[in-house]
Amino acid sequence: MARSVWSSFLLRCGVGVIVMLGATFAVAAQRADRTPAPVSILGSLSRVNAGMVSPWDYGMINADEMIAALGVGTVGKYQHTGEVISFLGRTFIRATTPKGAPTVFEVNTPLRSPFMVGIHAKPEVLPRVVRLSATEPRLLHTDLEKMANEAGAPIAVLGWADMPELEGNALKRAPSGDESLTGSKAGEYLDQLRLRNASVVFVAVVVPATLPRPSLNAATIAKMATDYDPSQGAPVAALIHVHGAVVEEAPPASYNSTPILQEALRRTTVQEVLHIYGSSTIQRGFAMVYEINYQE
């Protein structure tokens, strides 16, 4: 069972690996005020991965109340569970229709979910804006690990970047009957996705593997927002969970303030939603980084 859980973690969450690529990592003038953003977590990612979702495991989520969120869910006539990403009051779900075709649509009502991580905005919480810029593509996870290590705390990231290589999967329906996502019927539950030269809005939750002052907050977020089995050993750099939305628009080449970035994000046209693998690469874009604190 431990091997299955660890495999599920690698598939659905991803373990960061330290890679030294010598890329530039420029930080905009805005700096975080260190006030953490509250995070709420519904349900269990490990139960979704292990095929242990039951009808009573679903709760109602209103993502309009969050600055960003990632998870899985279903709504209305679309009975199968699919990937969810939410940013700046816009929520998208990649659901499977009764005929079996995947459909991405914007959700304007609360949705049912067995697992969701939400980052709640407050006026006093300001993100640190990080400019992502490199002459050669590099792993998305490399930058996310760097951001978390610089913060010295768990972080949530809302970003928008050009991605030369985008790899991931998308849940078609929640597995049941203890059939894990890495089992013999994985093809019935997951669509494997691979795109080149995509523009992607992404939401990530990152917990550094080694902290100078380990906290209950970090341990709780790592346990609930990822599917990590401590008995399998410690990750190399960080625990990372990322969802992305493939959009038609490229990230802006320049910007003057966070509100300008947020307004541009609100105008994006979403084409696909997926869980992003650590093998995905980025080359240009930006990220808004929030330190996070779990709220029961």
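Residues numbered from 1 in each chain as written. Predicted model: local features only at pLDDT ≥ 70, side-chain atom pairs only at ≥ 80, totals over all residues. Heavy atoms only, no water.

Caption draft 1: Structural detail: the overall build of the chain. Along the chain, the regular secondary structure elements total 6 helices and 14 strands. Within the span of the chain, comprising 296 residues, buried residues form 56% of the whole. Surface summary for the chain: the accessible area is close to 12500 Å², and the carbon and sulfur share equals 53%. (Helix = DSSP H or I, 4+ residues; strand = E, 2+ residues; numbered from the N terminus. Buried < 20%, exposed > 50% of the residue type's maximum accessible area, 1.4 Å probe, protein only. Areas by Shrake-Rupley, 256 points an atom, 1.4 Å probe, with all protein chains shown as cover.)

Caption draft 2: Here's a closer look at the pattern of salt bridges. Summed over the entire model, instances satisfying the criterion amount to 15 salt bridges. One salt bridge connects Asp 57 with Arg 47, and the closest N-O pair in it is separated by 3.4 Å. With a gap of 10 residues between them, Asp 57 in the loop between α2 (45-49) and β3 (59-61) and Arg 47 in helix α2 connect regions that are remote in the sequence. Judged by relative accessible area, which is 21%, Asp 57 ranks as partly exposed. Arg 194 is the partner of Glu 165 in a salt bridge, and the nearest nitrogen-oxygen pair spans 3.5 Å. Highlighted residues: Glu 165 in strand β10 (residues 155-171) and Arg 194 in strand β11 (residues 190-208), separated in sequence by 29 residues. Among the charged side chains, a salt-bridge network with shared partners connects Arg 94, Lys 172, Asp 191 and Glu 272. (Salt bridge = Lys/Arg side-chain N within 4 Å of Asp/Glu carboxyl O.)

Caption draft 3: Molecular detail of empty space enclosed by the protein. Evaluation of the coordinates by the stated rule reveals 3 cavities of 30 Å³ or more. In this structure, the largest cavity occupies an estimated 50 Å³ of space. The wall of the largest cavity is formed by Ile 61, Asn 62, Ala 63, Asp 64, Thr 91, Val 107, Asn 108, Thr 109, Pro 110 and Leu 111. Among the residues forming the lining of the largest cavity, the class breakdown is 5 nonpolar, 4 polar and 1 charged. (1 Å grid on protein atoms, 1.4 Å probe; cavity = no way out; pocket = protein on both sides within 12 Å on 5 of 7 lines; lining within 4 Å. Points joined across faces, edges and corners; volume = space filled by probe spheres on them. Nonpolar A, V, L, I, M, F, W, Y, C, P; charged D, E, K, R; others polar.)

Caption draft 4: Quick look at the nonpolar core. Residues Phe 87, Phe 115, Val 117, Ile 119, Leu 158 and Leu 265 are the most contacted members of the largest nonpolar core, which totals 50 residues. Residues within four places of Leu 158 in sequence aside, it is in contact with Ile 67, Phe 87, Leu 88, Val 201, Phe 202, Val 203, Leu 265, Ala 287 and Met 288. Core analysis: the next-biggest nonpolar cluster, separate from the first, contains 28 residues, Leu 140, Ala 238, Val 242 and Val 246 among them. (Core = buried A, V, L, I, M, F, W, Y, C linked by side-chain atoms within 4.5 Å. Contact = heavy atoms within 4.5 Å.)

Caption draft 5: Quick look at the pairing of β11. Of all 19 residues in β11, 14 are buried, a share of seventy percent or more. Two elements, β10 and β11, share 16 bridges in a ladder whose sense is antiparallel. Bridge pairing in β11 links Leu 158 to Val 203. (Pairing = 2+ DSSP bridges.)

Caption draft 6: Representation of helix α3 (residues 140-151) within the structure. Here α3 is 12 residues long and its end C-alpha atoms lie 17 Å apart, about the 16 Å a rise of 1.5 Å per residue gives. Most of α3 is tucked away: 9 of the 12 residues are buried. Three or more residues of α3 are buried, namely Leu 140, His 141, Thr 142, Asp 143, Leu 144, Glu 145, Met 147, Ala 148 and Ala 151. Immediately beyond the C-terminal end of α3, within one or two residues, lies Gly 152, with a positive phi of roughly 65 degrees. (Expected span 1.5 Å × (residues − 1).)

Caption draft 7: Seen up close, the side chain of Ser 199. Along the chain, Ser 199 turns up in strand β11. A distance of 3.5 Å separates a polar atom in the side chain of Ser 199 from the backbone oxygen of Glu 249. Discounting chain neighbours no more than four positions away, the residues touching Ser 199 are Trp 160, Ala 161, Asp 162, Ala 245, Val 246, Val 247, Glu 249, Ala 250 and Pro 251. (Polar contact = N/O pair within 3.5 Å; in protein donor to acceptor, adjacent residues only side chain to side chain.)

Caption draft 8: Summary view of the packing of aromatic side chains. Applying the stated criterion across every chain yields a total of 2 aromatic pairs. One Lys or Arg, Arg 112, reaches over the ring of Tyr 58 and ends 4.5 Å from the middle of that ring. (Phe/Tyr/Trp six-rings, centres within 6.5 Å; stacked < 30°, edge-to-face > 60°. Lys NZ or Arg CZ within 6 Å of the ring centre and 35° of its normal.)

Caption draft 9: Seen up close, the pairing of strand β2 (residues 37-43). As defined by bridge partners, β2 adjoins strand β14 (residues 281-294) across 3 bridges and the pair is classed as parallel. Residue Ala 37 lies in a different strand from β14, and its bridge partner there is Ile 292. Alignment of β2 against strand β8 (residues 111-119), held across 5 bridges, turns out to be antiparallel. Paired with Leu 42 across the bridge in β8 is Met 116.

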